[in-house]
Amino acid sequence: MIPALALVVGVVLGLVLEPTVPGALQPYLPIAVVAALDAVFGAIRAQLEGIFDDRVFVVSFVSNVLVAGLVVFLGDQLGVGGQLSTGVVVVLGIRIFSNAAAIRRRVFHA
Amino acid sequence: MTEPTRGWRRLLAPRLRRVDLAVAALLAVLGFAAVVQVRATQEDGPLAAARQEDLVQILDELANRNDRLRAEVSALNQARAELSTGGDRSEAALAEARRRAQLLGVLAGTVPARGPGLLLTITDPEDRIGPDVLLDALEELRAAGAEAIQLEGPVDLSVDAAQASAGDRVRVVASTALVQGDEGGIVVDGVQLYAPYRFVVVGDSDTLASAVGIPGGVVDNVEQRNGSALVEQRDEVTVDALRVLKEPRYARPAPEDGD
């Protein structure tokens, strides 16, 4: 419950404060968001399977975001940032889909 | 069956620990970041979210397109300039063609002519003046530079020559033929004329007058036949008899060399 409320609070804060994204963060923020979504979906799946662990979630969330950002940063340095960020988004998208499928099986038994 | 239920309960049941706060903070950050990113994408359009290399590529494409359009603009400008000068040229050519048509019309007798010249009135009381005399007179006038000639007859001599209403008038051109008339007089290009005749001539009046008046010339010739030849120089005479141009049946313009 509390995490859901926190998510809502974050959304409201974003809507109210209307911050602008710093230029240095601009390439990384979308990737970071997708990576975090991956961690969240993984957490929901683990919760449903009864193997959720707070610490694991925190570490995976942070490391997901950092690794995604690092990969994109490396790609930028190597001149393949665009392609690499596409690759990261694809991989994370696949993971989100598989997690969502697992959640669906758990919730709807289908 | 119990496991997912317990999972849901654990998900929904609040248990405050430090790690829970961390989870909550992370999720808040996620929501915040997601909203910020969505807003940034919506507000700034596609370019703001684009990467530097993509921007460079877009810029390159724009520069290329700019160059192409610039080239197109200069080509079109050139075409326009060419067309406008071409228009001037064709206008000038048209004016020149009109001018030449007028000049040729004077020669061919299809347009009226006006200018300095003289009136040569020939009377023939004894009916002894035939086409040969008039032809001589015509040749004399042509040789003296007559530019437009018409032959009238019979001329009413009772009124002033300038207003004298002629009987019939014929424009004299290159193909003009003078023939003895069946019932007297002469036939000029199919038109019957009777004495007294009058030539209306546009040209240098002094030259024409002296050409007509030379000893043994037209005037002498006419007077030998007991006629009279009256030469009147005018500042302006009007040759207004016209003829219809016939389309040549056989002759076609041949291409000129070097044209």
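Above this text you will find the structure in question.
Residues numbered from 1 in each chain as written. Chains lettered and ligands numbered in written order. Predicted model: local features only at pLDDT ≥ 70, side-chain atom pairs only at ≥ 80, totals over all residues. Heavy atoms only, no water.

Looking at the pattern of salt bridges
Tallied over the full model, the rule gives 10 salt bridges over all chains. Note that Asp38(A) and Arg95(A) form a salt bridge whose closest N and O atoms lie 2.8 Å from each other. Here the residue Asp38(A) occupies a position in helix H2 (residues 28-49), and Arg95(A) occupies one in helix H4 (residues 81-108), the gap between them amounting to 57 residues. Residue Arg95(A) is classed as partly exposed on the basis of its relative accessible area, which comes to 42%. Two residues, Glu126(B) and Arg128(B), come together in a salt bridge whose shortest N-O distance is 3.6 Å. You can call Glu126(B) partly exposed: its relative accessible area is 42%. (Salt bridge = Lys/Arg side-chain N within 4 Å of Asp/Glu carboxyl O. Helix = DSSP H or I, 4+ residues; strand = E, 2+ residues; numbered from the N terminus. Buried < 20%, exposed > 50% of the residue type's maximum accessible area, 1.4 Å probe, protein only.)

Observations concerning helix H4 (residues 131-143) of chain B
All names here are of chain B. End to end, H4 covers 18 Å across 13 residues, agreeing with the expected 18 Å (1.5 Å per residue, within 8%). Listed as buried for H4 are Pro-131, Val-133, Leu-134, Ala-137, Leu-138 and Leu-141. Along the axis of H4, the buried residues cluster in a sector spanning 160°; they form a single face. Immediately beyond the C-terminal end of H4, within one or two residues, lies Gly-145, with a positive phi of roughly 95°. (Expected span 1.5 Å × (residues − 1). Arc of directions from axis to C-beta.)

A word on the side chain of Thr176(B)
Residue and element names in this part refer to chain B. Position of Thr-176 among the secondary structure elements: in the loop between strand E3 (166-172) and strand E4 (178-180). Among the polar contacts made by the side chain of Thr-176, one reaches the main-chain amide nitrogen of Val-173 at a distance of 2.7 Å. Excluding residues that lie within four positions of it along the chain, Thr-176 makes contacts with Arg-171, Val-188, Asp-189 and Arg-243. (Polar contact = N/O pair within 3.5 Å; in protein donor to acceptor, adjacent residues only side chain to side chain. Contact = heavy atoms within 4.5 Å.)

Structural notes on a nonpolar patch on the surface
The grouping of Val8(A), Val9(A), Val12(A), Leu13(A), Leu15(A), Val16(A) and Leu17(A) at the surface amounts to a nonpolar patch, some 610 Å² of accessible area in total. With respect to the helices and strands, the residue Leu13(A) is situated in helix H1 (residues 2-17). (Patch = residues over 30% accessible without salt bridge, like charges linked within 9 Å, V, L, I, M, F, W, Y side chains within 5 Å. Areas by Shrake-Rupley, 256 points an atom, 1.4 Å probe, with all protein chains shown as cover.)

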